[in-house]
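This is what each chain is made of:
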Amino acid sequence: MTLTEQFQTLPKLLKVREVADFTGTHERTVRRWIRDGRLGAVEHPSGLRVPRRSLWRFLGLDLGLSA
């Protein structure tokens, strides 16, 4: 699966756990990235959510794809 295909199959707002799974890290690491301001996130009624576009930018893969 190409990066473009992976990007398009991700939900527009990812749970912290989904980001951790995608990046191969622990949820605490993702929360630290958010707290430190390195990874953008938004408050959602059911918890923090990371826009997939923010994740792509954080990973240095901003391919000009729409969110």
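All values derive from a computational prediction rather than experimental measurement.

## Things to note about the overall build of the chain
For step 1, the next point in the chain: Scanning the chain from terminus to terminus reveals four helices and three strands.
For step 2, the next point in the chain: Listing each helix as α and each strand as β along the chain from the N terminus yields α-β-α-α-β-β-α.
For step 3, the next point in the chain: The C-alpha radius of gyration of the chain comes to 11 Å, within 12% of the 11 Å expected for a compact globule of 67 residues.
For step 4, the next point in the chain: Dimensions of the chain, computed from C-alpha atoms along their principal axes, come out at roughly 30 × 25 × 20 Å.
For step 5, the next point in the chain: Relative to its full complement of 67 residues, the chain shows a buried share of 30%.
For step 6, the next point in the chain: Look at the contacts in the chain between residues 6 or more apart in sequence, and 47% of them connect residues 24 or more apart.

## Some details on the pattern of salt bridges
For step 1, the next point in the chain: The final tally for this structure, using the stated rule, is two salt bridges.
For step 2, the next point in the chain: The salt bridge partner of E27 is R17, with a shortest N-O separation of 3.0 Å. Residue E27 is located in helix 3 (residues 27-35), and its partner R17 is located in helix 2 (residues 16-23); the two are separated by 10 residues in the primary sequence.
For step 3, the next point in the chain: Close ionic contact of R38 with D36 constitutes a salt bridge, the shortest N to O distance being 3.2 Å.

Scoring rules and cut-offs
Residues numbered from 1 in each chain as written. Predicted model: local features only at pLDDT ≥ 70, side-chain atom pairs only at ≥ 80, totals over all residues. Heavy atoms only, no water. Helix = DSSP H or I, 4+ residues; strand = E, 2+ residues; numbered from the N terminus. Rg over C-alpha atoms; globule rule 2.2 N^0.38 Å. Buried < 20%, exposed > 50% of the residue type's maximum accessible area, 1.4 Å probe, protein only. Contact = heavy atoms within 4.5 Å. Salt bridge = Lys/Arg side-chain N within 4 Å of Asp/Glu carboxyl O.

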